[in-house]
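# Report on the structure
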Amino acid sequence: MAKDQKVMQSIPVLSSSKTKMKHKPKHLRIDQIAGYGFIMPTVILLSMFVFYPFFQSIYLSFFMTDPLGNVVKFVGFQNYVELFTDKEFLNSLKITFLFTVFTVPTGIFIALILAVLTNNKSKGMRGFQFIFALPIAMSVGTSSIIWLLLFNPTAGVLNYLLNVVGVESIQWLTNPDWALLSISIMTIWMGLGLDFIILLAGLQAIPDDLYESAKIDGAGSLTIFTKITIPLLSPTIFFVLIISVINALQAFGQFNVLTGGGPMKSTNVFVFSLYQEAFVNFQFGLGSTRAFVLFVIIVLLTWIQFKVGEKKVHYQ
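For every chain, the first residue of the written sequence is number 1, and numbering continues from 1 onward in sequence order. Per-residue local features of the predicted model are confined to residues with pLDDT of at least 70, and side-chain atom pairs are confined, for both listing and counting, to 80 or more; whole-chain, interface and lining totals are unaffected and use all residues. To obtain the side-chain values, all non-hydrogen atoms of the structure were used and water was disregarded.

To continue, consider the UniProt feature "domain: ABC transmembrane type-1" (unreviewed entry) in the chain. Mapped onto the present numbering, the UniProt feature "domain: ABC transmembrane type-1" (unreviewed entry) falls on residues 89-305. A run of H or I in DSSP counts as a helix once it spans at least four residues, and a run of E counts as a strand once it spans at least two, with each numbered from the N terminus. Counted over residues 89-305, helix gives 76% and strand 0%. Its end C-alpha atoms are 24 Å apart. UniProt positions are given in the numbering used here, feature names are shortened, and annotations may be inferred rather than shown by experiment.

Printed below as a string of structure tokens:
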């Protein structure tokens with residue numbers, strides 16, 4: 001009987017402890033409400049300007065629309081069939097990948113060299129770092145106008161310099177053989193600032209003790225660069241590679257300002273053809289189809305880069 005009484009006395013105590021566990025302290029509930037309140041503006045903005053347009057594009061890709069964007073007829077996968085059988089689509093895809101190959105490796109290589117050369121405390125290096133990072137402050141439109149003047153076939157600085165050394169002038173933006181390469185040069189310069197800043201930050205995060213130990217062991221500059229700098233900087237290089245590829249696939253502004261997709265559609269990259277289809281021809285269904293296909297291409301390429309490239313990344 002005494003044991004039963006002890007058990008009965010312990011039951012209210014257990015039930016009351018469970019009740020206390022169910023009810024969180026008031027200050028914790030207030031913190032949670034405040035946290036939701038802080039993130040709610042971001043959620044609303046993302047929903048309005050990212051999530052809703054994304055799902056709306058997927059929805060419109062299955063329909064035919066009028067010039068105002070109103071749905072007229074459900075066509076299923078007809079827009080996708082038209083897209084993948086269109087020679088202009090395949091040509092724009094080819095040009096986009098060529099543009100990516102021209103700009104991404106070259107831009108990263110130049111930014112890496114400049115970051116390595118300026119990663120010291122010598123007098124005046126801060127000024128060089130500021131100059132090399134300066135393109136990040138330029139908008140696409142402003143940069144395009146500047147390079148449009150540089151590429152001018154008669155009064156441009158580039159042709160003037162070529163003429164000084166005895167080389168004939170080049171029709172940078174009007175020759176189909178030179179147009180894509182010219183915009184690639186401009187894009188490399190335009191993206192140099194961001195790549196340089198990120199890579200320089202990665203270099204400055206490498207401990208100096210490693211370099212000092214390597215020098216004591218008799219390692220040369222090339223050995224230090226290949227055996228210490230590159231492996232420890234590989235996560236940063238990998239990150240720059242990912243964002244550079246995405247930016248190259250989404251390039252539009254410089255093509256719109258400098259060439260308008262010409263000459264002879266030699267610079268008709270994917271996003272510019274999307275813009276033409278949706279906002280010039282007013283075929284919003286086909287434009288949405290191109291936008292969704294571009295999204296899938298970016299996701300696939302990013303996934304491939306993570307699967308292949310991340311194996312060679314050295315994480316500390």
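Read on, since the account is not over.
Turning next to the nonpolar core. Counting residues in hydrophobic clusters, the biggest one holds 51 residues, and the most contacted among them are F99, F196, L199, F255 and V293. Elements with a contribution of two residues or more to this core: α3 (78-84), α4 (87-118), α8 (176-204), α9 (208-216), α10 (221-249), α11 (253-258), α12 (270-280) and α13 (284-309). The contact criterion used is simple: two residues touch if any of their non-hydrogen atoms lie within 4.5 Å. Contacts of F255, omitting those with residues within four sequence positions, involve F99, L180, I183, G260, G261, T267 and V269. Residues belong to one nonpolar core when they are buried, are Ala, Val, Leu, Ile, Met, Phe, Trp, Tyr or Cys, and are joined through side-chain atoms within 4.5 Å. For each residue, the accessible area found with a 1.4 Å probe, counting protein chains only, is set against the maximum for its type, and the residue is called buried under 20%, exposed over 50%, and partly exposed in between.

Taking the numbering used here, the UniProt-annotated feature "transmembrane region" (unreviewed entry) corresponds to residues 33-55, 95-118, 130-150, 178-203, 224-246 and 282-304. A distance of 31 Å separates the end C-alpha atoms of residues 224-246, which is 100% helix and 0% strand.

Attention now goes to the domain arrangement of the chain. What fixes the domain bounds is an automatic or database domain assignment. Each domain of the chain was delimited in the assignment, giving domain 1 (16-60) and domain 2 (79-312). The gap between the C-alpha centroids of domain 1 and domain 2 is 37 Å. The interface of domain 1 with domain 2 comprises four residues on the first partner and five residues on the second. The junction of domain 1 with domain 2 conceals about 400 Å² of combined surface from both sides, 70% of it contributed by carbon and sulfur atoms. Here, a salt bridge means any side-chain nitrogen of Lys or Arg that lies within 4 Å of a carboxyl oxygen of Asp or Glu. Counting across the domain 1 and domain 2 interface gives zero salt bridges. As used in this structure description, the phrase polar contact means that two N or O atoms lie within 3.5 Å; if the pair is within protein, one of them must be able to donate a hydrogen and the other to accept it, and residues adjacent in sequence are counted only when both atoms belong to side chains. Remark: the boundary between domain 1 and domain 2 carries zero residue pairs in polar contact (both at pLDDT 80 or more). Polar here means any residue outside two lists: the nonpolar Ala, Val, Leu, Ile, Met, Phe, Trp, Tyr, Cys and Pro, and the charged Asp, Glu, Lys and Arg; Gly therefore counts as polar. Split into classes, the residues belonging to the side of domain 1 that touches domain 2 amount to three nonpolar, one polar and no charged. Put simply, buried area is the surface a 1.4 Å probe can reach on two separate parts but cannot reach once they are joined, added for both.

Looking now at the packing of helix α6 (residues 140-150) against α8. Axis geometry follows a simple rule: fit a line to the C-alpha atoms, using only the stretch in contact for helices, then measure angles between N-to-C directions, giving values from 0 to 180 degrees. Taken N-terminus to C-terminus, the directions of α6 and α8 make an angle of 130°; their axes are 11 Å apart at the nearest point. As judged from the angle between their axes, α6 and α8 are oblique. Crossing of α6 over α8 shows right-handed handedness. Across the interface between the two elements, V140, S143, S144 and W147 from α6 touch I185, M186, W189 and M190 from α8. Any angle that falls under 35 degrees is termed roughly parallel, while one over 145 is termed roughly antiparallel, one within 65 to 115 roughly perpendicular, and all others oblique. Here is the rule for handedness: rotate from the far helix to the near one, and if that takes an anticlockwise turn smaller than a right angle the crossing is left-handed, while a clockwise turn gives right-handed.

Under the criterion given, the structure shown has three salt bridges. When the shortest N-O distance is used, the salt bridge between D86 and R290 registers 3.5 Å. On the criterion of sequence distance, the pair formed by D86 in the loop between α3 and α4 and R290 in helix α13 is long-range, its members being 204 residues apart. On the basis of relative accessibility, which here comes to 26%, the residue D86 falls in the partly exposed class. Here E277 makes a salt bridge to R290, at a shortest N to O gap of 3.7 Å. With E277 in helix α12 and R290 in helix α13, this pair connects stretches of sequence that are 13 residues apart. This pair shows no difference in class: E277 is buried, exactly as R290 is. Via salt bridges that share partners, D86, E277 and R290 belong to a single interconnected network.

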